[in-house]
Amino acid sequence: MEALERLREGNRRFATDYRASDEAQTSPTRRRELVTGQEPFAIILGCSDARVPAEIIFDQGLGDLFVIRVAGNVVAPSQIDSVEFAATQFSTPLVVVLGHSQCGAVLATMEELREPGDSRSRNLRSIVDRIRPAVEPLMVAESDQDPTVLAEKAVRANIQMSANHLRNGSKILEELIASEGLLVVGAEYSLDTGLVDFFEGVPG
Ligand SMILES: [Zn+2]
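Fair warning: this is a prediction, and the values are worked out from it, not measured in the lab.

**Q** Looking at this structure, I do not really get the overall build of the chain. What am I missing?
**A** Looking only at helices and strands, the chain features 8 helices and 5 strands. For the chain, the N- to C-terminal ordering of α and β elements is α-α-β-α-β-α-β-α-α-α-α-β-β. Taking 204 residues into account, the globule formula puts the C-alpha radius of gyration at 17 Å, and the chain, at 17 Å, falls close to it. In terms of overall dimensions, the chain has a C-alpha envelope of 55 × 40 × 35 Å along the principal axes. Out of the 204 residues in the chain, the part that is buried amounts to 47%. Counting contacts in the chain only where the partners sit at least 6 residues apart, residues at least 24 apart contribute 70% of the total. A total accessible area of about 10500 Å² is found for the chain, and carbon and sulfur atoms account for 49% of it. The positive charge centre, built from 20 side chains, and the negative charge centre, built from 31, are 3 Å apart in the chain.

**Q** Sorry, what's going on with the pattern of salt bridges here?
**A** Two side chains with opposite charge may pair up if their charged atoms get near one another. For the structure shown, the criterion picks out 12 salt bridges. In this structure, Arg-125 and Glu-112 form a salt bridge, with 3.7 Å as the shortest nitrogen-oxygen distance. Here the residue Arg-125 occupies a position in helix H6 (residues 122-141), and Glu-112 occupies one in helix H5 (residues 104-114), the gap between them amounting to 13 residues. Take Arg-125: its relative accessible area is 27%, and that puts it in the partly exposed class. Glu-142 serves as the salt-bridge partner of Lys-153, at 2.8 Å between the closest nitrogen and oxygen. A residue pair is termed long-range when its members are at least 10 positions apart, and Lys-153 in helix H7 (residues 147-168) and Glu-142 in the loop between H6 and H7 qualify at 11 residues.

**Q** Honestly, the packing of aromatic side chains in this entry has me stumped. Any pointers?
**A** How two aromatic rings sit relative to each other is set out by the distance from centre to centre and by the angle between their planes. Within this structure, the stated rule accounts for 5 aromatic pairs. Here the aromatic cluster, defined as three or more aromatic residues joined through ring pairs, consists of Phe-66, Phe-85 and Phe-90. Directly above the aromatic system of Phe-41 lies the positively charged group of Arg-6, at a separation of 3.8 Å from the ring centroid. Between Arg-156 and the ring centre of Phe-199, over which it is positioned, the NZ or CZ distance is 4.1 Å.

What counts and how
Residues numbered from 1 in each chain as written. Predicted model: local features only at pLDDT ≥ 70, side-chain atom pairs only at ≥ 80, totals over all residues. Heavy atoms only, no water. Helix = DSSP H or I, 4+ residues; strand = E, 2+ residues; numbered from the N terminus. Rg over C-alpha atoms; globule rule 2.2 N^0.38 Å. Buried < 20%, exposed > 50% of the residue type's maximum accessible area, 1.4 Å probe, protein only. Contact = heavy atoms within 4.5 Å. Areas by Shrake-Rupley, 256 points an atom, 1.4 Å probe, with all protein chains shown as cover. Lys, Arg positive; Asp, Glu negative; His and termini not counted. Charge placed at Lys NZ, Arg CZ, Asp CG, Glu CD. Salt bridge = Lys/Arg side-chain N within 4 Å of Asp/Glu carboxyl O. Phe/Tyr/Trp six-rings, centres within 6.5 Å; stacked < 30°, edge-to-face > 60°. Lys NZ or Arg CZ within 6 Å of the ring centre and 35° of its normal.

This is how it looks when you write it as structure tokens:
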């Protein structure tokens, strides 16, 4: 798929020789071209983590990506609405749920499951409660697993859950998937290497 390939190539540029990219993509000319409309080629539902800005890690410019960021890349109703909005308004063909290694929201959820307490803020709790269904079964089934490995698995499970939620939690998106071939994939960004691994829902 072309949109997926553009993201893969952009991420390769970022992870290898960043700054080799075209300055035209953030130029005043490009900005003016976009005043009358946008045609983003991908929708990214990513984590708010300051180290994972979608446009930078995919080396894209103004008007290229429609980005929704929320701690832990969780899917709440307002995230679904935003994805639906972009997919219908701009006919964007690709949705990427973008999680990352060492995700603080996932780690906080694991912490909460290990030592339940009410010291956390309500705001954090609403995030933790959305991540919990992905992480809890894993922690029960693999309770003697190495904590680092378990955390890696938890990040992926949370990405998969969000991707599944987008695929199955919205009539509009279900229809676009069936009739327009809208693709929803899960991907993980490595803070360490700068590389994005598209590991879920990617065609052949
Ligand atoms: Zn995160």
